[in-house]
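Each chain is listed here by its residues.
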Amino acid sequence: MSESDHQAALVKWFKIRWPEYVIHSIPNGTHIRSFKGRQKAKNEGLYKGVSDLFIVVPRGTYHGFYLEMKDEGKKESSLTPEQKSFIQYARWAGYHADWAAGVDEARKKILEYMSLKKH
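Fair warning: this is a prediction, and the values are worked out from it, not measured in the lab.

A. Examining the sheet that holds strand β1 (residues 23-25) more closely. Taken in spatial order, the four strands line up as β1-β2-β3-β4 in an open sheet, and their pairing is mixed. Lying at the two open borders of the sheet, with one neighbouring strand each, are β1 and β4 (96-101). Strand after strand, the sheet turns through a mean of 25 degrees between neighbouring axes, direction not considered. Sheet strands in contact with helix α1 (residues 3-17) are β1, β2 (53-55) and β3 (65-70), and its direction is about 140 degrees off that of β3.

B. Molecular detail of the packing of aromatic side chains. All told, the structure shown has nine aromatic pairs when counted by the stated rule. Taking 5.4 Å as the distance between ring centres and 70 degrees as the angle between the ring planes, the aromatic pair formed by Tyr 66 and Tyr 95 counts as edge-to-face. Here Tyr 66, found in strand β3, pairs with Tyr 95, found in the loop between α3 (81-92) and β4; they are 29 residues apart in sequence, far enough to count as distant. What makes Tyr 66 buried here is its relative accessible area of 16%. Here Tyr 95 falls in the partly exposed class, since its relative accessible area comes to 24%. For the ring pair Tyr 89 and Trp 92, a centre distance of 5.5 Å and an interplane angle of 35 degrees mean the geometry is tilted. Residue Tyr 89 and its partner Trp 92 are both found in helix α3; the two are separated by three residues, about one turn of the helix. Residue classification places Trp 92 among the exposed residues on the basis of a relative accessible area of 68%. The ring of Trp 99 carries the charged tip of Lys 109 above its face, separated from the ring centre by 5.6 Å.

C. Broad picture of helix α4 (residues 103-114). Between its first and last C-alpha atoms α4 spans 16 Å; for 12 residues at 1.5 Å apiece the expected length is 16 Å, and the two agree. For α4, every residue scored as buried is listed here: Val 103, Ala 106, Lys 109, Ile 110, Tyr 113 and Met 114. Angularly, the buried residues of α4 cover 130 degrees about the axis, an arc narrow enough to put them on a single face. Along α4, exposed side chains directed more than 90 degrees from the buried face belong to Lys 108 and Glu 112.

D. Inspection of the nonpolar core at higher detail. Core analysis: the biggest nonpolar cluster contains 18 residues, and Leu 10, Phe 14, Leu 53, Ile 55, Leu 67, Ile 110 and Met 114 have the highest contact counts within it. Listed by contribution, the elements that provide at least two residues to this core are α1, β2, β3 and α4. Among the nonpolar cores identified, the runner-up in size contains 11 residues, and Val 50, Phe 54, Tyr 66 and Ala 97 belong to it.

Procedures and definitions
- Residues numbered from 1 in each chain as written.
- Predicted model: local features only at pLDDT ≥ 70, side-chain atom pairs only at ≥ 80, totals over all residues.
- Heavy atoms only, no water.
- Pairing = 2+ DSSP bridges.
- Helix = DSSP H or I, 4+ residues; strand = E, 2+ residues; numbered from the N terminus.
- Axes fitted to C-alpha atoms, helices over the stretch in contact; angles between N-to-C directions.
- Contact = heavy atoms within 4.5 Å.
- Phe/Tyr/Trp six-rings, centres within 6.5 Å; stacked < 30°, edge-to-face > 60°.
- Buried < 20%, exposed > 50% of the residue type's maximum accessible area, 1.4 Å probe, protein only.
- Lys NZ or Arg CZ within 6 Å of the ring centre and 35° of its normal.
- Expected span 1.5 Å × (residues − 1).
- Arc of directions from axis to C-beta.
- Core = buried A, V, L, I, M, F, W, Y, C linked by side-chain atoms within 4.5 Å.

Printed below as a string of structure tokens:
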């Protein structure tokens, strides 16, 4: 399965498990090939390194959960410097932020997050 397939499976699982909550992708411009297209996206707020998914559900002391998806079997070293920096920034700003290699690991991390006491 590709990273995209893992992400799609995860979103489907989340929506079935918690239909009352919002999970959304953050398409961060990976499909933009032209200079003009990238520049337009930057002007519209494209920010390199932002995580792939955001769960709009406060839990514990967190405002929500940013999740970066990687292919199954990937190591933390597969995160780009910008992705690592964004995860640190999101944590500083009061969000839960993490990364996962594959859908199974991502499910575990989401289950842990969703089991935190509600805000």
